[in-house]
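Each chain, written out:
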Amino acid sequence: MLALSHYNSSASPLLPRFSNDSAGKVEAMVAVEGLSQQGNLTLVQPTNSGVIVVILSMTLGIISNIVALFILANAYSLQRRRTKATFLLFATSLVVTDFFGHVIPGALVLRLYLHGGVHPNSSDRMCQFLGGSMVFFGLCPLFMGSAMAAERCLGVTKPLLHSSLVTKTRTKICLSVIWLAALCVAMLPCFQLGSYTYQDPGTWCFIKVLSDTQEVDLAFVVLFSGLGLTSLAVALVCNTISGLTLVLARFRRQLGSHHSAKSHDIEMVVQLVGIMVTSCICWSPLLIFGLISVIRSYTGSNGEDLSSYKTLMVMGVRLATWNQILDPWVYILLRRTVLRKIYLIAKCQAGLRGNILGRWEPTSFHSSEKKQVNQV
């Protein structure tokens, strides 16, 4: 999907490449006619620098996800605390989903980009698969982020109830339900409940939002955007409750034996906040732009602003693709060992001994980190 980041906006109109046989000519004519109905797609003119940037971006995303997956898998294998192990299982599943969500759609979009955008030999099945992949791999991280936030909120506010309800088996069932729910939404166009179509500049497929939208297209976009925005809202509420609970607990803390447990909770909540902020920045524009575009298209009020909505959709999907690159860095950078070093540097330079951050002393980590600092 990162191939969307580079294309020539002044490209010439799409020129079909006809086959020598009559069947190929008929297929090409049908394809061109269908594309003209979808809205003046342009032929992408790839440049060497653009291809290099795309490949480097995809490489960065793949390496980031692999590094984060290695860190999480290693931490999960060494973890004995059940609440932490549950969180790591969620996080590992999220990184695996981000990895495949980066590779599969990205490879298809890069192929279209290198071939000059959509052309008559392109199969509608590929567009359906690409559009479904973008919806599936878009909803999965949002669903997982809200589920992780809800699990941590329960663990922080009701630890006894959390210990009795949350188990590894139930966590795996929850993950399966999330993947199945996202898959069901992505496959709705297979049952004529919505549709996927090539989007300007012809290098990606997504839900039909810009032209010839019907009631089912409007309902599909409302469902997709509604589920995504609801997931972000649930994560925001749960993380806010968890954060406020931990802050109040810090002020009321009296026994030093609670240092280790609180440090684990802080690390998980900080990572969840990082996931939430990343998801909000990356996914909110596409969810909102798609919703606005389909409503105006359905009511016929987009008119001369159609090119502006095309630009907004491209900008939205560019931001969304960065979510799969930035998510792994949340786990790479927001670990306790890294935060501890950042804290020590800030303390030495700014003299924060009297600040509330002084409560997060390095000694609070020794009991739980001594055996993990050199391993995670």
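These numbers come from a predicted model, not from an experiment. The residue count restarts for each chain, going from 1 along the sequence in the order it is written. Whole-chain, interface and lining totals are the exception, using all residues; otherwise, since this is a predicted model, local features are given only for residues with pLDDT of at least 70 and side-chain atom pairs are given and counted only at 80 or more. Note that water and hydrogens are dropped before the side-chain values are worked out from all heavy atoms of the structure.

Participant: Before we go on, may I ask you to explain the overall build of the protein chain in this structure?
Facilitator: The helix and strand inventory of the protein chain stands at eleven helices and two strands. When its helices and strands are written in sequence order, the protein chain yields α-α-α-α-α-α-β-β-α-α-α-α-α. Exposure classes here rest on a 1.4 Å probe applied to the protein chains alone. A residue is buried below 20% of its type maximum, exposed above 50%, and partly exposed in between. Counting the 376 residues in the protein chain, one finds 48% classified as buried. Restricting to contacts in the protein chain with at least 6 residues of sequence separation, those with at least 24 account for 80%. Segments assigned H or I by DSSP are reported as helices when at least four residues long, segments assigned E as strands when at least two residues long, and all are numbered from the N terminus. Contacts were defined at the residue level, with two residues in contact if any of their heavy atoms lie within 4.5 Å.

Participant: Would you explain the state of the cysteines in this entry?
Facilitator: Chemically, a disulfide is nothing more than a covalent bond linking the sulfur atoms of two cysteines. Cysteine sulfur atoms are paired as a disulfide whenever they fall within 2.5 Å. The tally for this structure, following the rule as stated, stands at one disulfide. A sulfur-sulfur separation of 2.3 Å characterises the disulfide bridge that pairs Cys-127 with Cys-205. Taking the torsion about the S-S bond as the criterion, the Cys-127 to Cys-205 disulfide, at about -125°, is left-handed. Placement of the pair is Cys-127 in helix α4 (residues 124-157) and Cys-205 in strand β2 (residues 204-207), with a sequence separation of 78 residues. Looking at Cys-205, the relative accessible area reads 0%, which means it is buried. For Cys-282, which is in no disulfide, the shortest distance to another cysteine sulfur is to Cys-280 and amounts to 9.6 Å.

Participant: What am I meant to see in the packing of α4 against helix α6 (residues 168-186) here?
Facilitator: A pair of packed helices can be characterised by two numbers: the angle between their axes and the separation between those axes. Geometry is summarised by axes, namely lines fitted to C-alpha atoms with helices restricted to the contacting stretch, and by angles between N-to-C directions that run from 0 to 180 degrees. Viewed as axis vectors pointing N to C, α4 and α6 meet at an angle of 145°, and their least axial separation amounts to 8 Å. In the crossing of α4 with α6, the sense of the turn from one axis to the other is right-handed. The residues of α6 that touch α4, namely those facing Gly-132, Val-135, Phe-136, Leu-139, Cys-140, Phe-143, Met-144 and Ala-147, are Cys-174, Leu-175, Ile-178, Trp-179, Ala-181, Ala-182, Leu-183, Val-185 and Ala-186. Residue composition of the contact of α4 with α6, by class: 16 nonpolar, one polar and no charged. Note on convention: near helix rotated counterclockwise from far helix by under a right angle means a left-handed crossing. Clockwise means right-handed. Each residue receives one of three labels: charged for Asp, Glu, Lys and Arg, nonpolar for Ala, Val, Leu, Ile, Met, Phe, Trp, Tyr, Cys and Pro, and polar for the others, Gly being one of them.

Participant: Sorry if this is basic, but what is going on with the packing of aromatic side chains here?
Facilitator: Geometry of an aromatic ring pair is reported as the spacing of the ring centres plus the angle between the planes. Side-chain rings of Phe, Tyr and Trp, where Trp is taken by its six-membered ring, are said to pair if the distance between their centres is within 6.5 Å; with planes under 30 degrees apart they count as stacked, over 60 as edge-to-face, and otherwise as tilted. All chains considered together, the criterion is met by four aromatic pairs. Judged by centre distance (5.4 Å) and plane angle (80°), the rings of Phe-99 and Phe-100 are edge-to-face. Centre to centre, the rings of Phe-206 and Phe-224 are 5.7 Å apart; their planes meet at 75°, and the pair counts as edge-to-face. Taken together, the positions of Phe-206 in strand β2 and Phe-224 in helix α7 (residues 215-252) put the pair 18 residues apart, joining distant regions of the chain.

Participant: Sorry if this is basic, but what is going on with a nonpolar patch on the surface here?
Facilitator: Within this analysis, patches are made of residues with over 30% relative accessible area and no salt bridge. Like charges are joined at 9 Å or less; nonpolar side chains (Val, Leu, Ile, Met, Phe, Trp, Tyr) at 5 Å or less. Note on areas: Shrake-Rupley with a 1.4 Å probe; residue coverage comes only from the protein chains shown. Think of a salt bridge as a Lys or Arg side-chain nitrogen and an Asp or Glu carboxyl oxygen that are within 4 Å of each other. Together, Leu-180, Leu-183, Met-187, Phe-191, Leu-193 and Val-216 make up an exposed nonpolar region whose accessible area comes to about 550 Å². Tracing the sequence through the fold places Leu-180 in helix α6.

Participant: Looking at this structure, I do not really get the nonpolar core. What am I missing?
Facilitator: Burial of nonpolar side chains together is a common tendency in soluble globular proteins. For this analysis, a nonpolar core means a set of buried residues of the types Ala, Val, Leu, Ile, Met, Phe, Trp, Tyr and Cys, connected via side-chain atoms within 4.5 Å. Ranked by size, the top nonpolar core spans 62 residues in total, and within it Val-135, Met-148, Phe-206 and Ile-207 carry the most contacts. When sequence neighbours within four positions are dropped, the list of residues in contact with Met-148 reads Phe-87, Phe-90, Ala-91, Leu-94, Leu-272, Ile-275 and Tyr-331.

Participant: Even after reading the chapter, I still don't get unusual backbone geometry, so can you show me in this structure?
Facilitator: A positive phi angle, close to 65°, is found at Gln-192, a residue other than glycine. Take Gln-192: it is sitting in the loop between α6 and β1 (196-199).

Participant: Would you take a moment to explain the pattern of salt bridges for this structure?
Facilitator: Two side chains with opposite charge may pair up if their charged atoms get near one another. In this structure the tally under the stated criterion is one salt bridge. Residue Arg-152 is joined to Glu-151 by a salt bridge in which the shortest nitrogen-to-oxygen separation is 3.2 Å. As far as the burial class goes, Arg-152 and Glu-151 line up, both buried.

Participant: Explain the environment of Ser-231 to me, please; I cannot follow it from the model alone.
Facilitator: Note on placement: Ser-231 falls in helix α7. Residues Ser-231 and Met-276 lie 45 residues apart in sequence; the distance between their C-alpha atoms is 9.8 Å. With residues near it in sequence (within four places) discarded, Ser-231 still touches Leu-142, Phe-143 and Ser-146.

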